[in-house]
Amino acid sequence: MSSFINITDSEKAGTELLQAQNQRLASIEQLAAGVAHEINNPLMALSTEIQLLLETSKDKKLVESLKNMDKFSKRIAGIVTDLVTFSRDISTDAREFSGINSLIEKTLLSMKRRFKLTNIKIVKKFDKILPNLTIDKEQIEQVFINILMNSLDIMPNGGKLTVSTKLSSTKDAVEIIFVDTGSGIAKENLPKIFDPFFTTKPPRNGTGMGLSVCHGIIENHGGDIKIDSELNRGTEVLIRLPIK
Ligand SMILES: Nc1ncnc2c1ncn2[C@@H]1O[C@H](COP(=O)(O)OP(=O)(O)OP(=O)(O)O)[C@@H](O)[C@H]1O
Ligand SMILES: [Mg+2]
């Protein structure tokens, strides 16, 4: 975050840090992909069994219990899907040539009510003449939602969220920057925020997969995602997506 650290002094250190972080995450990705794959097959079999029993059962109590089992197995399936996305084992089929500003606008609009209710002011600083990007719009929207949800969570009593877009200084990428005025991330937690299941939120409020999913999607698009934060000042999320 330009106001938090001196970018010029630390640019090299920042790149090295990002490389080290990505290397570490790459080994976790491998493990995650293996676990997801191994869980997926028995989970599918379990879901099928539950569905079959649901179709034939008449006993009210049994049906209720089967519906619960179905709900929990769907929850596990959701976690497995997040692990697969984190490990970048995701399809590139649905990519299209799209503008990034309109996608951010669409995402912000879908969450407008929540920001208003929480008293969060949105400031948009869009570069209007950005080139289109080859992206999976659904996946990139998921990234924006996850980041915006984190800002919502960290500013329960209101604040400011600034969303900017611009061409990178090297002109080969588009940068999307989210800055919130929340209470920030403790220094010791910063290296862990992209790890699957890392969360500081109470159980049920977060599974700790949001940023892991963002990392998987952005890396899969050939880009990178960086987060800077300072306690009691706020957090900046910087996403770079290549122009190609
Ligand atoms: N904008 C932010 N401000 C402060 N802390 C943040 C912010 N974004 C992420 N974090 C920290 O990073 C952790 C991991 O974030 P992540 O989105 O991966 O998981 P989560 O929000 O805890 O749960 P989930 O996204 O799965 O519901 C959070 O628990 C929080 O401690
Ligand atoms: Mg989250």
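The following paragraphs examine the structure supplied in this document. For clarity, every value in this text was computed on a predicted model and none was experimentally measured.

Conventions used here
- Residues numbered from 1 in each chain as written.
- Chains lettered and ligands numbered in written order.
- Predicted model: local features only at pLDDT ≥ 70, side-chain atom pairs only at ≥ 80, totals over all residues.
- Heavy atoms only, no water.
- Salt bridge = Lys/Arg side-chain N within 4 Å of Asp/Glu carboxyl O.
- Helix = DSSP H or I, 4+ residues; strand = E, 2+ residues; numbered from the N terminus.
- Buried < 20%, exposed > 50% of the residue type's maximum accessible area, 1.4 Å probe, protein only.
- 1 Å grid on protein atoms, 1.4 Å probe; cavity = no way out; pocket = protein on both sides within 12 Å on 5 of 7 lines; lining within 4 Å.
- Points joined across faces, edges and corners; volume = space filled by probe spheres on them.
- Pairing = 2+ DSSP bridges.
- Axes fitted to C-alpha atoms, helices over the stretch in contact; angles between N-to-C directions.
- Contact = heavy atoms within 4.5 Å.
- Near = heavy atom within 4 Å.
- Polar contact = N/O pair within 3.5 Å; in protein donor to acceptor, adjacent residues only side chain to side chain.
- Areas by Shrake-Rupley, 256 points an atom, 1.4 Å probe, with all protein chains shown as cover.
- Sits in = over half its atoms within 2 Å of the grid points.
- Nonpolar A, V, L, I, M, F, W, Y, C, P; charged D, E, K, R; others polar.

## Considerations on the pattern of salt bridges
Item 1. Scanning all chains against the criterion turns up eleven salt bridges.
Item 2. Here E175 ties to R240 by a salt bridge, and the two come within 3.0 Å at their closest N and O atoms. With E175 in strand β5 (residues 173-180) and R240 in strand β7 (residues 234-242), the pair connects residues that are 65 residues apart, well separated along the chain.
Item 3. By relative accessible area, E175 is classed as buried at 11%.
Item 4. By sharing partners, the salt bridges in this structure join K166, E175, D224 and R240 into a single network.

## Topic: the layout of surface pockets
A probe matching the size of a water molecule, rolled over the atoms, marks out where space remains unfilled.
Item 1. Empty space within the second largest pocket amounts to approximately 1000 Å³.
Item 2. For the second largest pocket, the lining is made up of 40 residues, of which N146, N150, K201, G210 and L211 are closest to its centre.
Item 3. Counting residues per element, the lining of the second largest pocket draws most heavily on helix α5 (residues 137-154), at eleven residues.

## A word on the sheet that holds β7
Item 1. Spatial ordering of the open sheet is given by β2-β4-β5-β7-β6, a layout of five strands whose pairing is mixed. Edge positions in the sheet fall to β2 (120-125) and β6 (224-230), since each of these pairs with one other strand and no more. Neighbour-to-neighbour, the strand axes of the sheet open up by a mean angle of 15 degrees, direction not taken into account.
Item 2. Bridge count for β6 against β7 is seven bridges, and the pairing is antiparallel. Across the sheet, the residue bridging to D228 is E236, located in β7.
Item 3. Running over the sheet, helix α3 (residues 100-110) touches β2, β4 (159-167), β5 and β7 and is turned about 165 degrees from β4.

## Describing the site of ligand 1
Item 1. In the vicinity of ligand 1 there are 17 residues, among which D180, T199, T200, K201 and L211 approach most closely.
Item 2. Contacts to ligand 1 include K201, whose side-chain N or O atom sits 2.6 Å from an oxygen atom.
Item 3. With respect to ligand 1, the backbone of G210 contributes an N or O atom lying 3.3 Å from an oxygen atom.
Item 4. Alone, ligand 1 offers 590 Å² of accessible surface; in the complex the protein occludes 89% of this.
Item 5. If you map ligand 1 onto the pockets, it falls in the second largest pocket.
Item 6. Taken together, the elements giving at least two residues each to the shell around ligand 1 come down to α5 and α6 (210-220).
Item 7. Taken together, the residues of the shell around ligand 1 break down into six nonpolar, nine polar and two charged.

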